[in-house]
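Listed below, chain by chain, are the residues.
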Amino acid sequence: KGMSIEGLTFEVQPLQGVAGALFGMSPTQVEKVLGPPDESRIDIQEDFANLSEERFVTSRKWQYNDLGLSLSFTAPDDRPFDTRFRSCEIVNPRAEVFGIQFIGLSEAQFLKALASSQLPETVLCSDLRKLCPDDPEYDVREYICDQLRITFWVEQGVVASIWVADEWRSTSDIKERPGIHFLG
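Residues numbered from 1 in each chain as written. Predicted model: local features only at pLDDT ≥ 70, side-chain atom pairs only at ≥ 80, totals over all residues. Heavy atoms only, no water.

Colleague: Before we go on, may I ask you to explain the pairing of strand β12 (residues 158-165) in this structure?
Modeller: Note on strand geometry: in a regular strand, side chains alternate between the two faces of the sheet. Relative to β12, strand β7 (residues 84-90) is paired through four bridges, and the arrangement is antiparallel. The residue bridging I90 from the neighbouring strand is I162, located in β12. Where strand β11 (residues 150-155) meets β12, six bridges bridge the pair, whose relative direction is antiparallel. Within the sheet, the bridge partner assigned to V154 lies in β12 and is V159. Connecting β11 to the next strand, β12, in antiparallel fashion are two residues, including Q156 with a positive phi near 50°. (Pairing = 2+ DSSP bridges. Helix = DSSP H or I, 4+ residues; strand = E, 2+ residues; numbered from the N terminus.)

Colleague: For this particular structure, what's the right way to read the packing of aromatic side chains?
Modeller: Aromatic rings considered in pairs are described by the distance between their centres and by the relative angle of their planes. All told, the structure shown has eight aromatic pairs when counted by the stated rule. Centroid distance F23 to F85: 4.7 Å. Interplanar angle 45°. Geometry classified as tilted. With a gap of 62 residues between them, F23 in the loop between β3 (21-22) and α1 (27-34) and F85 in strand β7 connect regions that are remote in the sequence. On the accessibility criterion, F85 (0% relative accessible area) is buried. On the numbers, 5.0 Å between centres and 65° between planes, the contact of F102 with F152 is edge-to-face. Here the residue F102 occupies a position in the loop between β8 (95-97) and α2 (107-115), and F152 occupies one in strand β11, the gap between them amounting to 50 residues. The burial state of F102 is the same as that of F152; both residues are buried. Feature note: the residues F23, W62, Y64, F73 and F85 constitute an aromatic cluster, connected by ring pairs. (Phe/Tyr/Trp six-rings, centres within 6.5 Å; stacked < 30°, edge-to-face > 60°. Buried < 20%, exposed > 50% of the residue type's maximum accessible area, 1.4 Å probe, protein only.)

Colleague: Please clarify how the confidence of the model for the chain should be interpreted in this entry.
Modeller: Predicted coordinates in regions of low pLDDT should not be interpreted in detail. When pLDDT is averaged along the chain, the result is 79; 74% of the residues meet or exceed 70. Averaged over each element, pLDDT in the chain is lowest for strand β4 (residues 39-46) (74) and highest for β12 (95). Counting interchain partners and residues more than four positions distant, the pLDDT-below-50 stretch residues 169-184 has 38 contacts. (pLDDT = per-residue confidence, 0-100. Contact = heavy atoms within 4.5 Å.)

Colleague: Just to check I follow, could you spell out the sheet that holds β8 for this structure?
Modeller: Two strands in a sheet stick together by hydrogen bonds in their backbones, pointing the same way (parallel) or opposite ways (antiparallel). One open sheet accounts for four strands, arranged β3-β2-β1-β8; its pairing is mixed. The outermost strands of the open sheet, each flanked by one partner alone, are β3 and β8. Pairing analysis gives two bridges linking strand β1 (residues 10-13) to strand β2 (residues 17-18), with the strands arranged antiparallel. Of the residues in β2, the one forming a bridge with Q13 is G17.

Colleague: I'm lost on α1 in this one. Help?
Modeller: The α-helix winds at 3.6 residues per turn, so residues separated by three or four positions along the chain end up facing the same way. Along α1, the positions that sit buried rather than exposed are P27, Q29, V30 and L34. The buried residues of α1 all sit within an arc of 160° when viewed along its axis, so they share a single face. Opposite the buried face of α1, at more than 90 degrees from it, the exposed residues are T28 and K32. Just past α1, the residue G35 takes up positive phi, approximately 85°. (Arc of directions from axis to C-beta.)

If you want it as structure tokens, here you go:
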């Protein structure tokens, strides 16, 4: 199964990748870095636009339980059959963003760490507590650093996960990155 980094930290590189896997890598390339996923799911779409019976993979979700990572692969706009690593959700408390381990911090600790970090402006985007103030299921707040495509999820007063993503839309946006290879 997938790689384990028990006791080790790994770096989240905004707009670049996580744990050595770079945004824009194919599933095969990510597997060479992280090993096979513990769980995987694919979404299939039929090509109704061209009235053909062709089916193709539109997205993949890979779960690495020991790493606390959930990776998403989708296709760039200009290559609908070529899924690439585009975003991930991290629940591993050893994940570092600019040298800070945010997951597991209380919201107050998170805000203090955020203020002293290298992260550009990060704002409270949504507060589900306002929808149902008496329901603990809705004790969720979302802080977003749009410039670096990072979202911090605070659940019941503690940073529970971090979502990071790339910003490319076509293969020309990522061709020059080292470690990224396209076929054909």
